[in-house]
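Chain and residue survey
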Amino acid sequence: MKIAVLALQGAFIEHEKVLSELGAECIELRNAEDLQQDFDALVLPGGESTVQGKLLRESGMFEPLKERIEAGMPVLATCAGMILLADHIADDDTRHFATIPMTVKRNAYGRQLGSFHAYGELETVGQVPMTFIRAPYVVSVEDGVEMLAQVDGRIVAVRYGNQLALAFHPELDADRQVHSLFTEMVEAYLHGSQQRHSA
Ligand code: GLN
């Protein structure tokens, strides 16, 4: 399985390390030419969503990636990545990929809670460590968006089709369960598309 990691800005190397440990091959996306390579899935790392959104557009990767996400390519999005996928950002008219019908709030935990660590139950997985860094949370979701985890009554993980979006940073903890869930999603996707091709 070949996973493309958006490498414009932010915590992308950490994802590559974890996914390589789990047996995936990773490539980095920095410009439109990188999209010529074959890949099965995408990682949108944490960082700064405004900067990432700007660089995505300037690099010419925005539209082709949006099309592939809409076509069902699996995506793992963490923190800023979750903001890129949300179709609404609270108190903000900015929109990026807007492929998950949900509203997120940026820098939602206030200054004193800018970074914190928690353990939470992730649906179908169990307890996982959750590291939050100037994190967003999900204010509301529309039909079809599964809520996978809540911390203090706030939604911090969702799944919508093949898009898995998290407010926290699993790549910064030693636990591999979230990335394993994602590689299982990619396997299922590849298996499904093989079946479609051979049908
Ligand atoms: N605060 C960042 C943003 O709004 C997200 C922080 C992160 O990715 N750790 O994009």
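Note that the structure is predicted; figures quoted are calculated from it, not measured.

This next bit is on the pairing of strand β2 (residues 25-29). Pairing geometry for strand β1 (residues 2-6) and β2, over 5 bridges, is parallel. Note on β2: the bridge partner recorded for K2 is E25. With helix α1 (residues 13-21) bridging β1 and the parallel β2, this β-α-β connection has right-handed handedness.

Where helix α2 (residues 49-59) is concerned, the buried positions are S49, Q52 and L56. Mapping the buried residues of α2 onto a view down its axis gives an arc of 60°, with all of them on the same face. For α2, exposure combined with an orientation more than 90 degrees from the buried face picks out R57 and E58. Here the buried face of α2 lies against α3 (62-70) and α4 (80-85).

Per the UniProt record, the feature "active site" (unreviewed entry) sits at C79, H169 and E171. For this annotated set, covering 93 residues, all C-alpha atoms fall within 11.1 Å of each other, a compact arrangement in space. Taking the number of C-beta atoms within 10 Å as the measure of exposure, H169 has 23 and is therefore buried. With respect to the element layout, E171 can be found in the loop between β12 (163-166) and α5 (177-198). C-beta crowding within 10 Å serves as the criterion here: with 25 such atoms nearby, E171 is assigned to the buried category.

This paragraph deals with the site of the ligand. Taken together, G46, G47, E48, S49, C79, A80, I83, R106, N107, I133 and R134 form the complete shell of residues around the ligand. Split by residue class, the shell around the ligand holds 4 nonpolar, 4 polar and 3 charged.

Considering the arrangement of structural elements, one finds R134 in the loop between β8 (126-133) and β9 (137-141). Exposure remark for R134: the 16 C-beta atoms within 10 Å place this residue in the partly exposed category. For the pair formed by R134 and D92, sequence separation is 42 residues and the distance between their alpha carbons is 17 Å. Not counting chain neighbours up to four residues away, the residues in contact with R134 comprise N107, G114 and S115.

Time to look at the environment of I89. Structurally, I89 is set in strand β5 (residues 86-89). Of the residues examined, I89 has 20 C-beta atoms within 10 Å and is grouped as buried. Residues I89 and R106 lie 17 residues apart in sequence; the distance between their C-alpha atoms is 7.2 Å.

By size, the foremost hydrophobic cluster in this structure holds 56 residues, and its most contacted members are M82, V156, L166 and A167. When residues of this core are assigned to their parent elements, the largest contribution, 5 residues, is made by α4. When sequence neighbours within four positions are dropped, the list of residues in contact with A167 reads C79, M82, F132, A135, P136, Y137, V156 and A157.

Cut-offs used in this document
Throughout this description, residue numbers start from 1 for each chain and increase along the sequence as written. Local features are withheld for residues below a pLDDT of 70 in this predicted model, meaning they are given only at 70 or higher, and side-chain atom pairs are given and counted only at 80 or more; totals for whole chains, interfaces and linings count all residues. One bridge is not enough; two strands pair if DSSP finds at least two bridges between them. Under the scheme used here, helices are H or I runs from DSSP no shorter than 4 residues and strands are E runs no shorter than 2 residues, and both carry numbers assigned from the N terminus. Think of it like this: strands point away, you trace from the first strand over the helix to the second, and a clockwise trace means the crossover is right-handed. Exposure is read from a count of other C-beta atoms within 10 Å of each residue's own; the residue is exposed at 12 or fewer, buried at 20 or more and partly exposed in between. C-beta atoms are placed from the backbone. In this context, the arc is that of the directions from the helix axis out to the C-beta atoms. This entry defines residue contacts through backbone-placed C-beta atoms, with two residues in contact when those atoms are within 7 Å. UniProt positions are given in the numbering used here, feature names are shortened, and annotations may be inferred rather than shown by experiment. Whether a residue is near a molecule or strand depends on its C-beta atom, generated from backbone atoms, being within 6 Å of that molecule or strand. Three classes are used: nonpolar for Ala, Val, Leu, Ile, Met, Phe, Trp, Tyr, Cys and Pro, charged for Asp, Glu, Lys and Arg, and polar for all others, with Gly counted as polar. Residues of type Ala, Val, Leu, Ile, Met, Phe, Trp, Tyr and Cys that are buried and joined through C-beta atoms within 7 Å form what is called a nonpolar core.

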